[in-house]
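Per-entry structural report
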Amino acid sequence: MTGWLDALIQGVLLGGLYALFAAGLSLMFGVMRLVNLAHGDIIVLAAFAILVVAGKLGLDPFVAAALAAPILFVIGFTLQFVLLNRTLGRDLLPPLLVTFGLSIIIQNGLLQTFSADSQRLRSGAIETASIPLGGGIAIGVVPLLTLLSAIAVIVVLNMIFYRTSIGRAFRATSDDLEVAELMGIEISRIFATAMGLAFVVITIAALYLGLRANFDPTIGPARLLYAFEAVIIGGLGSFWGTLAGGVVLGLAQTIGARIDPEWQILAGHLAFLVVLVLRPRGLFPRAQD
Amino acid sequence: MPLLETRNLTAFYGDFQALYGIDMSFDEGETIAIIGANGAGKSTFLKAIAGLIHGTPDSVRLEGTPIGARGAADIVKLGIALVPEGRRLFPSLTVEENLLIGGYGRKIAGPWTLDRVYALFPILRERRSAATPALSGGQQQMAAIGRALMSNPRILLCDEISLGLAPIIIADIYAALPQIKAEGTSVVLVEQDIVQAMKVADRVYCFQEGRLSLTGRPRELTREQIHRAYFGS
């Protein structure tokens, strides 16, 4: 019994990480209908960025991530403004091709620069610290922080989207590009700002990716898959749905692993398929589109 | 100098030419009605002025300044707002958010605020928190007009604001026009409802297959002339 309870708790905590992976993807798709195939690789790129900043300046990864976030905002803004805006239009293929190309470029660029060695972000005692809950169950401080950060990210994104002028512009642009322009909204800037914001979320995801496990330049595509599944399970266009999607995926994986350790990954994908069959629009789809 | 002027304005959709060299001008405070059959190029003309279709810089001039090649986001900041055909409110924004976004890029100080729009269309204040798909057609049209007014336009372009509405609702919406004009705003109406258009317009332009077929003051035009300009002879 304790084992199952433990699996449930760890599953929810793992879901926090997947929700962080997925939040940026959800944002990009929500605002500009962009399916970013390089998302996982950009998370890994951000993890290396934190690693470098932390290493060079001798900083804790949390501080390094805070320093890296504005830099990544600028990189995201520029990437969208200079490159990805040109790929968006009626045809769905160009953004897929270009982000797929980006994925390959980032992976190989990282391999060239950092080699294929596994890396890890080091943050001292916090990495292994845990809080005993009694009954032989304990929760790790880092996994707990991951989940709390995921919730914080979702709350902040919702506040930006529903309480600010730029958030209104994000939603209006997502509804109707042409009429958004008539309102004086400069689409290319709004998209670039959304991508910059997504890159800040990616930085937070990268921080926990690097703190919780080893990473190397090749692990991006698998993170993309989890992120993608979490977004679809939750329903496109809803941030809370994305969090729920991450938790469903995390739970499926830990429960699967509890049944048989080999089933962990498979169980996650199966949960994704089950949701697709039963609720093709996800658990919390937006009312329209 | 006219407030707005088009010179030899042409527009294409791919290979299809929708407008053939339209010359038109109007002054501050004037109300213009553009009539014509479906596909005559009326909406295209408004879109070209609003910057959704780009032409040569000189094809549209605002107080002499060439603006024909500017994008829509620029044009609205210069004081030209379009109420698009079919209202096209943002479905994921509430009524009030739709109005607020109308003032998003606003660079011009002016009379139109949230309160002023609510005074013009009191029903919108009641429904301020509603999602726009829940509004009636007339309320949606009021919200679309209010949204355009929030940019404090000098020129308000209205595309088929009576389309699909009951006569009594159309009368309500047209009753707001004098208040809009009282703020010095020029209004360009594209209308299929000729009677309604003739009542409020200072001048009427009729389009036929992308060309101007008739211009004049409503009182000076005969039924016969309009019929010929509308349907061709």
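Residues numbered from 1 in each chain as written. Chains lettered and ligands numbered in written order. Predicted model: local features only at pLDDT ≥ 70, side-chain atom pairs only at ≥ 80, totals over all residues.

1. Regarding the overall build of chain A
Each helix and strand counted, chain A has 11 helices and two strands in total. Along the chain direction, N to C, the helices and strands of chain A fall in the order α-α-α-α-β-β-α-α-α-α-α-α-α. A compact globule built from 289 residues would reach a C-alpha radius of gyration of about 19 Å, and chain A, at 19 Å, matches this within 12%. Taken over the C-alpha atoms alone, chain A extends approximately 60 × 50 × 35 Å along its principal axes. Classification of the 289 residues of chain A by burial places 49% in the buried group. (Helix = DSSP H or I, 4+ residues; strand = E, 2+ residues; numbered from the N terminus. Rg over C-alpha atoms; globule rule 2.2 N^0.38 Å. Buried ≥ 20, exposed ≤ 12 C-beta atoms within 10 Å, placed from the backbone.)

2. A word on the overall build of chain B
Summing up its helical and strand segments, chain B has 10 helices and 10 strands in all. Relative to a compact globule of 233 residues, whose C-alpha radius of gyration would be 17 Å, chain B shows 17 Å and is just as compact. Each principal axis of the C-alpha atoms in chain B carries an extent, and together these give about 50 × 35 × 35 Å. Of the contacts made within chain B by residues no fewer than 6 positions apart, 66% connect residues no fewer than 24 positions apart. (Contact = placed C-beta atoms within 7 Å.)

3. Overview of the interface of chain B and chain A
Each partner contributes residues to the interface: chain B has 22 residues there, and chain A has 16 residues. Listed by contribution, the elements that provide at least two residues to the side of chain B that touches chain A are α2 (72-77) and α3 (95-102) of chain B.

4. A word on the environment of M159(A)
Take M159(A): it is sitting in helix α5 (residues 141-163). Counting along the chain gives 18 residues from M159(A) to V141(A), while the straight-line C-alpha distance between them is 26 Å.

5. Overview of the sheet that holds strand β8 (residues 186-190) of chain B
Residues and elements named next belong to chain B. One open sheet accounts for six strands, arranged β6-β7-β8-β3-β9-β10; its pairing is mixed. At either margin of the open sheet sits one strand with a lone partner, and together these are β6 (80-83) and β10 (211-216). Strand after strand, the sheet turns through a mean of 20° between neighbouring axes, direction not considered. Along the sheet, helix α1 (residues 42-50) makes contact with β3 (31-36), β6, β7 (155-159), β8 and β9 (203-208), crossing β7 at roughly 150°. (Pairing = 2+ DSSP bridges. Axes fitted to C-alpha atoms, helices over the stretch in contact; angles between N-to-C directions.)

6. Overview of unusual backbone geometry
For R33(A), which is not glycine, the phi torsion reads 55° and is therefore positive. With respect to the helices, strands and loops of the structure, R33(A) is situated in the loop between α1 (2-32) and α2 (39-57). Phi is positive for E63(B), close to 45°, though the residue is something other than glycine. Structurally, E63(B) can be placed in the loop between β4 (60-62) and β5 (65-66).

7. Examining the pairing of strand β1 (residues 4-13) of chain B
Residues and elements named next belong to chain B. One ladder, built from seven bridges, connects β1 with strand β2 (residues 16-26); its direction is antiparallel. For Y13, the partnering residue across the bridge sits in β2 and is F16. In sequence, β1 turns back onto β2 through a hairpin of two residues, with G14 there showing a positive phi of about 60°. Relative to β4, β1 runs antiparallel, the two being bridged by three bridges. Paired with L4 across the strands is L62, a residue of β4.

8. Details of the sheet that holds β1(B)
Residue and element names in this part refer to chain B. In spatial order, the strands read β2-β1-β4-β5; together these four strands make up an open sheet with antiparallel pairing. Each edge of the open sheet carries a strand with a single partner, namely β2 and β5. Running over the sheet, α1 touches β1, β2 and β4 and is turned about 70° from β2.

9. Describing the packing of α1(A) against helix α9 (residues 220-234) of chain A
Residue and element names in this part refer to chain A. Running from N to C, α1 and α9 cross one another at 70°; their axes reach a closest spacing of 8 Å. One way to sum up the angle between α1 and α9 is to call them roughly perpendicular. Considering the relative orientation of α1 and α9, their crossing is right-handed. Residues Y18, A19, F21, A22, L25, S26 and F29 of α1 lie in contact with α9, whose contacting residues are R223, Y226, A227, F228, A230 and V231. (Parallel < 35°, antiparallel > 145°, perpendicular 65-115°, else oblique. Left-handed = near helix turned anticlockwise from the far one by under 90°.)

10. Here we look at the nonpolar core
Counting 160 residues, the largest nonpolar core has A46(A), I50(A), A194(A) and L157(B) as the members making the most contacts within it. Among the elements that line this core, the one with the most residues is helix α8 (residues 187-212) of chain A, at 18 residues. Apart from residues no more than four positions distant in its own chain, L157(B) is found in contact with L46(B), I49(B), A50(B), I80(B), A81(B), L82(B), V83(B) and V188(B). (Core = buried A, V, L, I, M, F, W, Y, C linked by C-beta atoms within 7 Å.)

11. Some points on the packing of α1(A) against α5(A)
Residue and element names in this part refer to chain A. Closest axis-to-axis distance for the α1/α5 pair is 7 Å, and the angle between their directions is 35°. Of the two elements, α1 crosses α5, and the hand of that crossing is left-handed. In this structure, α1 uses V12, L13, G16, L17, A19, L20, A23 and L27 to contact α5, whose residues at the interface are P143, L144, T146, L147, S149, A150, V153, I154 and L157. The residue inventory of the contact of α1 with α5, partitioned by class, reads 14 nonpolar, three polar and no charged. (Nonpolar A, V, L, I, M, F, W, Y, C, P; charged D, E, K, R; others polar.)

12. Some thoughts on the confidence of the model for chain B
Here chain B averages 91 in pLDDT, and 99% of its residues register 70 or above. Predicted complex metrics record ipTM = 0.92 and pTM = 0.92. (pLDDT = per-residue confidence, 0-100.)

13. Let's talk about α9(A)
Along an α-helix, a turn takes 3.6 residues, which lines up residues three or four apart on a common side. Residues and elements named next belong to chain A. Its 15 residues give α9 an end-to-end C-alpha distance of 21 Å, which sits within 8% of 21 Å, the value for a rise of 1.5 Å per residue. Counting buried positions along α9 yields 12 of 15 residues, so the element is predominantly enclosed. Here α9 has its buried residues at G220, R223, L224, Y226, A227, F228, E229, A230, V231, I232, I233 and G234. Of the surrounding elements, those touching the buried residues of α9 are α1, α2, α4 (93-114), α10 (239-259) and α11 (264-278). Following α9 by one or two positions, G235 adopts a phi angle in the positive range, close to 105°. (Expected span 1.5 Å × (residues − 1).)

14. A short note on the environment of E63(B)
Residues and elements named next belong to chain B. Take E63: there are 14 C-beta atoms within 10 Å of it, and that puts it in the partly exposed class. For the pair formed by E63 and Q179, sequence separation is 116 residues and the distance between their alpha carbons is 24 Å. Here E63 is in contact with M1 and L3, once residues within four sequence places are set aside.

15. Describing the confidence of the model for chain A
With 99% of its residues at a pLDDT of at least 70, chain A reaches an overall mean of 94. Per-element confidence in chain A is highest for α8(A), whose mean pLDDT is 97, and lowest for strand β1 (residues 130-134) of chain A, whose mean pLDDT is 88.

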